[in-house]
Number of protein chains: 2
Amino acid sequence: MLPYNLLLAKVEEAISQLDFNLAPHELYDPISYTLALGGKRVRPVFTLLACDMMGGKIEEALQPAIACEIFHNFTLLHDDIMDNAPIRRGKETVFRKWNSNIAILSGDAMFATAYRLLSGIEPDLLPSILTIFSNTAIQVCEGQQYDMNFELVNTVSIPDYLNMIRLKTAVLPAACLQIGAMIAKAKMPDVEYIYQFGEKIGLAFQLMDDLLDVFGQEAKFGKQCGGDIIANKKTYLYLKAYELADIENKRKLDLLFSDIHIPDDEKIAGVKKIYETLEVANHVHRVMDELYINALQNLDRISVPEGRKSELLKFAKKLLSRES
Amino acid sequence: MLPYNLLLAKVEEAISQLDFNLAPHELYDPISYTLALGGKRVRPVFTLLACDMMGGKIEEALQPAIACEIFHNFTLLHDDIMDNAPIRRGKETVFRKWNSNIAILSGDAMFATAYRLLSGIEPDLLPSILTIFSNTAIQVCEGQQYDMNFELVNTVSIPDYLNMIRLKTAVLPAACLQIGAMIAKAKMPDVEYIYQFGEKIGLAFQLMDDLLDVFGQEAKFGKQCGGDIIANKKTYLYLKAYELADIENKRKLDLLFSDIHIPDDEKIAGVKKIYETLEVANHVHRVMDELYINALQNLDRISVPEGRKSELLKFAKKLLSRES
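Quick caveat: nothing in here was measured; it's all calculated off a predicted structure. (Residues numbered from 1 in each chain as written. Chains lettered and ligands numbered in written order. Predicted model: local features only at pLDDT ≥ 70, side-chain atom pairs only at ≥ 80, totals over all residues.)

Along its length, chain A carries 16 helices and 2 strands. Its C-alpha atoms give chain A a radius of gyration of 20 Å, within 12% of the compact-globule value 20 Å for 324 residues. With respect to the three principal axes, the spread of C-alpha positions in chain A is 60 × 50 × 30 Å. (Helix = DSSP H or I, 4+ residues; strand = E, 2+ residues; numbered from the N terminus. Rg over C-alpha atoms; globule rule 2.2 N^0.38 Å.)

Set out below in structure tokens:
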């Protein structure tokens, strides 16, 4: 099995070879900027890991892997406009550095570029992979819409929240694994198992992201800390806290999430204190553990020798430890 | 040959059968709203006309034709945000009726839906059609970016302007024809001739659109009249007028396009008067005629009996007479 670090290097190399030094530069500069910001390249590495694990040729999965990464970055450009996010990966977001129109249009061009990269997939596989890629893209849009909806309502159930993050963040890594497996000619039910593995890892990863948004270190995290709290995002932490809170803490949470005159730092500190009192982080870790076990069960079911699964498992573990 | 009205009816039927009654409705309602606004359905009818003309089965071109229409409507959603356009096809634009975030996200979902509709194309043709569709989408983004750039600069050359409208509005109808021809298994150079035919008709159509924006009737046109003038768009009319104007009229044009205190109606009337004095409309008609002749030359070159070309020709003529 190829070590994931090698696959990551192949992804970085392929991205660096993309040429966006094109006219009009107003359209292409933000694309180069975004792709150069880095990130963990989780999705394309997943595609290559799945392809390699299933015995395929990673060269055949490389362009589709890059398509997955470009698609993901496109969603970030548009999400950052909608979420009014100032910072991404430690740098100014595209709509802040340029403007919203540029971020919309460069995003659209990235979306089309992602699809163009799929066209090299062998014709027999292309229809089904095109369908999966498109359905996944639509699900990601649905997830983003639910996310925006949830900011405007008072109550969100925990299952609704989990479905939202499934759509917004977990189906894409799942589909990236599935596409890699399909390129390696893996068959059902293995492609379904690897999808499920990815979805569960994706969900766990998002819960960890929610946790780090409150308890992480800003420098390491690369995003503004407490951003979810400022944006009144009803994350798993908030929803669980609200479920566990007594009347007094519920009242405090309501106040912190509704009084627009409370300064951001006070709001973050107040919410954080309640989360700590209620030990919400422990609850999040418990759900993450369950998801991780479910992911492992799906990995177990895949009909390739255990030894072939080690790199994917290592990579997923590393992701969830957030050492990277 | 199937009459274009029948093909239009098939397009309308297929669009009406699309089901966007899905959750979250905030994402899907604007899609239903947009597709129900109508429009001339030029692009999907082009796809079907090209397929039929080249001897293909129009059933095989129907879903790709709808993909072209949905793609076109997606670009309108995003363009209307960027252009701050209040009205489209006589109704409120999506970003005005809902908001910008909804228009961004519903547009993205439409883009993905368009690609999903391509997945039914037979595997042998899919890679090349996917490439054409994606390259066209990227060109449309480039055109929109040039259009926005041109609003911010003082001088635009007429060739640069023509290249901008080629990208923004002519390559898509051209690609729609090409895709229809390819589905009918037409070969080079016929697919190139039909592309060129579409590009020239598309350019002529856009010049007519520029003309109608100034001299059209608002009710018939379905858009705010004089919108290009208010937005300081350097259309062919403006550029030609500036080329032909004496010092006095140049000064007036400069003033009208730079003084933000002139009320919109005065600005429109002032610019219109200069266009009339310089008989700019005649110049536009001349260029349109040249493009039309070029289009016909390309249609002539296509190696199918002349009789098979009549419906496409009739449809293009009708478009350029804007009786529809």
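What follows is about the relation of the copies chain A and chain B. A rotation about an axis combined with a shift along that same axis relates the two copies of the chain. Superposing chain A onto chain B takes a rotation of 180° plus a shift of 0.0 Å along the axis, which leaves an RMSD of 0.0 Å. On the angle and the small slide along the axis, the relation comes out as a two-fold axis. Among all residues of chain A, the minimum C-alpha distance to the rotation axis is found for Pro123 of chain A, at 2.5 Å. (Least-squares fit on C-alpha atoms with pLDDT ≥ 70 in both.)

This paragraph deals with the nonpolar core. Counting residues in each nonpolar core, the largest one holds 210 residues, and the members touching the most others are Leu49, Ala50 and Ala181 of chain A together with Leu49, Ala50 and Ala181 of chain B. Contact partners of Ala181 of chain A, with chain neighbours within four places excluded, come to Ala50, Cys51, Met54, Ala186, Asp190, Val191 and Ile194 of chain A. (Core = buried A, V, L, I, M, F, W, Y, C linked by C-beta atoms within 7 Å. Buried ≥ 20, exposed ≤ 12 C-beta atoms within 10 Å, placed from the backbone. Contact = placed C-beta atoms within 7 Å.)

Here the amide bond leading from Ala23 of chain A into Pro24 of chain A is cis, since omega sits at 0°, within 30 degrees of zero. Among the secondary structure elements, Pro24 of chain A is positioned in the loop between helix 1 (4-17) and helix 2 (25-36). The omega angle of the peptide bond from Met188 of chain A to Pro189 of chain A is 0°, so this bond is cis rather than trans. Here Pro189 of chain A shows up in the loop between helix 8 (158-183) and helix 9 (190-215). One non-glycine residue, Asn84 of chain B, adopts positive backbone phi at about 50°. For Asn84 of chain B, a count of 14 C-beta atoms within 10 Å translates into the label partly exposed. Non-glycine residue Lys185 of chain B carries a positive phi angle of around 65°.

Contacts between the two partners involve 35 residues from chain A, matched on the other side by 35 residues from chain B. Put simply, the parts of the chain that give the side of chain A that touches chain B at least two residues each are helix 2, helix 4 (58-83), helix 6 (100-118) and helix 7 (126-151) of chain A. Per-element tally for the side of chain A that touches chain B: the top contributor is helix 7 of chain A, with 15 residues. Here the residues of the side of chain A that touches chain B sort into 20 nonpolar, 10 polar and 5 charged. (Nonpolar A, V, L, I, M, F, W, Y, C, P; charged D, E, K, R; others polar.)

A separate point is helix 6 (residues 100-118) of chain B. Over its 19 residues, helix 6 of chain B runs 28 Å from end to end, which matches the ideal 27 Å to within 8%, given 1.5 Å per residue. Counting buried residues along helix 6 of chain B, 18 of its 19 residues qualify, which places the element largely inside the surrounding structure. (Expected span 1.5 Å × (residues − 1).)

All names here are of chain A. Between helix 8 and helix 9, the shortest axis-to-axis distance is 7 Å and the interhelical angle comes to 140°. By the angle between their directions, the pair helix 8 and helix 9 is classed as oblique. By crossing handedness, the relation of helix 8 to helix 9 is classed as right-handed. Residue composition of the contact of helix 8 with helix 9, grouped by class: 16 nonpolar, 5 polar and 3 charged. (Axes fitted to C-alpha atoms, helices over the stretch in contact; angles between N-to-C directions. Parallel < 35°, antiparallel > 145°, perpendicular 65-115°, else oblique. Left-handed = near helix turned anticlockwise from the far one by under 90°.)

This paragraph deals with helix 1 of chain A. Residue and element names in this part refer to chain A. For helix 1, built from 14 residues, the straight-helix expectation of 20 Å at 1.5 Å per residue is met to within 8% by its first-to-last C-alpha distance of 20 Å. Within helix 1 the residues assigned to the buried category are Tyr4, Leu7, Lys10 and Val11. Viewed end-on, helix 1 has its buried residues packed into an arc of 115°, placing them on one side of the element. Seen from the buried face of helix 1, the exposed residues on the opposite side, beyond 90 degrees, are Asn5, Glu13, Ser16 and Gln17. Close packing links the buried residues of helix 1 with helix 3 (42-53), helix 4 and helix 16 (310-321). (Arc of directions from axis to C-beta.)

Turning to the packing of helix 9 of chain A against helix 15 (residues 280-301) of chain A, a few remarks are in order. Residues and elements named next belong to chain A. In contact at an axis separation of 8 Å, helix 9 and helix 15 are set at 160° when each is read in the N-to-C sense. As judged from the angle between their axes, helix 9 and helix 15 are roughly antiparallel. Considering only the axes of helix 9 and helix 15, their crossing is left-handed. From helix 9, Tyr193, Gln196, Phe197, Lys200, Ile201, Leu203, Ala204, Leu207, Met208, Leu211 and Phe215 reach across to helix 15, where they touch Ala281, Val284, Val287, Met288, Leu291, Tyr292, Asn294, Ala295, Asn298, Leu299 and Arg301. Residues that form the contact of helix 9 with helix 15 fall into these classes: 17 nonpolar, 3 polar and 2 charged.

Per-residue pLDDT for chain A averages 95, and the proportion of residues at 70 or more is 97%. The complex model carries a pTM of 0.95, and its ipTM stands at 0.95. (pLDDT = per-residue confidence, 0-100.)

Here we take up the environment of Cys176 of chain A. Structurally, the position occupied by Cys176 of chain A is in helix 8. Expressed as a C-alpha distance, the spacing of Cys176 of chain A and Pro64 of chain A, which sit 112 residues apart in the sequence, is 8.6 Å.

A separate point is the environment of Ile15 of chain A. Residue and element names in this part refer to chain A. For Ile15, the position within the fold is in helix 1. What makes Ile15 partly exposed here is the crowd of 18 C-beta atoms within 10 Å. Other than its neighbours up to four places away in sequence, Ile15 contacts Leu35, Ile66 and Glu69.

On to the environment of Leu2 of chain B. In this fold, Leu2 of chain B is placed in the segment before helix 1 (4-17). Residues in contact with Leu2 of chain B, not counting those within four places in the same chain, are Leu7, Asp52, Ile58 and Glu311 of chain B.

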